[in-house]
Amino acid sequence: MLTASKLEKIMELEANLRAEYQQQLDAKTVEIDRLSARESELQAAVDKQLETITELTGKATDSQKAEQRARELHNRSERLVAEIAELKQRIKTLQKDLAAVREENKTLTQFDPVRMKKNLDTSKKKLAEKTRATDLLQKTLSETKKENAELLRKVAELEAKVAELAPEDGETVEAKAESAAA
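Please read all numbers here as calculations on a predicted model, not as lab measurements.

1. A look at the overall build of the protein
Part 1 of the argument: Regarding its fold elements, the protein presents two helices and zero strands.
Part 2 of the argument: Taking 182 residues into account, the globule formula puts the C-alpha radius of gyration at 16 Å, and the protein, at 68 Å, lies well above it.
Part 3 of the argument: Expressed as a percentage of the 182 residues in the protein, the buried residues total 0%.
Part 4 of the argument: In the form shown here, the protein has an accessible surface area of approximately 17,300 Å², with 59% of it arising from carbon and sulfur atoms.
Part 5 of the argument: Between the centroid of the 34 positive side chains of the protein and the centroid of its 36 negative side chains there is a distance of 9 Å.

Have a look at this one:
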């Protein structure tokens, strides 16, 4: 029984201690819970900041890459601008050379014997055509003049006949007029 009484005393002692220190235990438990919650909040903030830092590091790396690429593109564009200026100058020189060659070619082709012979042949053909046309017109003119002369002669003959017949007609017209009046 001894053990049971000691056990009862221990339990009583525990209850006394618990009663005495319960408020402190409750306060410490609340404090522990509050600190645990605070620790969770701080851990969440740290995690968020770590995520932001990681993201910003990635963005910084991206922006550094973009800046590097921009520098490279700027340098490349400057080289291209210089190359274009050089090409423009070369084009101007080539255009001047081309103009000189064209002028020389024009001068040389001006006296091209093949072309001149071809032009001569063409001119001869045109001249022959014009000559035939002129001859045809000349024949037509001659025929027209002959016809005109013949017609004039016939008109003269007819006028002579009319003149001969006119006095006779004049007498018959007067005789008819007198008989009609009587």
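2. Overview of the pattern of salt bridges
Part 1 of the argument: This model, assessed by the stated rule, comprises five salt bridges.
Part 2 of the argument: Of the charged contacts, one joins Arg34 and Glu31 as a salt bridge, the two residues approaching to 2.4 Å between their closest N and O atoms. Separated by three residues within a single helix, Arg34 and Glu31 lie in helix H1 (residues 2-110), roughly one turn from each other.
Part 3 of the argument: Classification of Arg34 by relative accessible area gives partly exposed; the value is 47%.
Part 4 of the argument: As a salt-bridge pair, Lys154 and Glu150 come within 3.7 Å of each other at their nearest N and O atoms. Here Lys154 pairs with Glu150, and both are found in helix H2 (residues 113-181), just four residues apart, close to one helical turn.
Part 5 of the argument: Note on Glu150: relative accessible area 40%, which makes it partly exposed.

3. Remarks on a nonpolar patch on the surface
Part 1 of the argument: A contiguous nonpolar surface patch, about 370 Å² in accessible area, is contributed by Leu13, Leu17, Tyr21 and Leu25.
Part 2 of the argument: Tracing the backbone shows Leu17 in helix H1.

4. What about the environment of Gly58?
Part 1 of the argument: Its location among the elements puts Gly58 in helix H1.
Part 2 of the argument: For Gly58, a relative accessible area of 30% corresponds to the partly exposed category.
Part 3 of the argument: For the pair Gly58 and Tyr21, spaced 37 residues apart in sequence, the C-alpha to C-alpha distance is 54 Å.

Conventions and cut-offs
Residues numbered from 1 in each chain as written. Predicted model: local features only at pLDDT ≥ 70, side-chain atom pairs only at ≥ 80, totals over all residues. Heavy atoms only, no water. Helix = DSSP H or I, 4+ residues; strand = E, 2+ residues; numbered from the N terminus. Rg over C-alpha atoms; globule rule 2.2 N^0.38 Å. Buried < 20%, exposed > 50% of the residue type's maximum accessible area, 1.4 Å probe, protein only. Areas by Shrake-Rupley, 256 points an atom, 1.4 Å probe, with all protein chains shown as cover. Lys, Arg positive; Asp, Glu negative; His and termini not counted. Charge placed at Lys NZ, Arg CZ, Asp CG, Glu CD. Salt bridge = Lys/Arg side-chain N within 4 Å of Asp/Glu carboxyl O. Patch = residues over 30% accessible without salt bridge, like charges linked within 9 Å, V, L, I, M, F, W, Y side chains within 5 Å.

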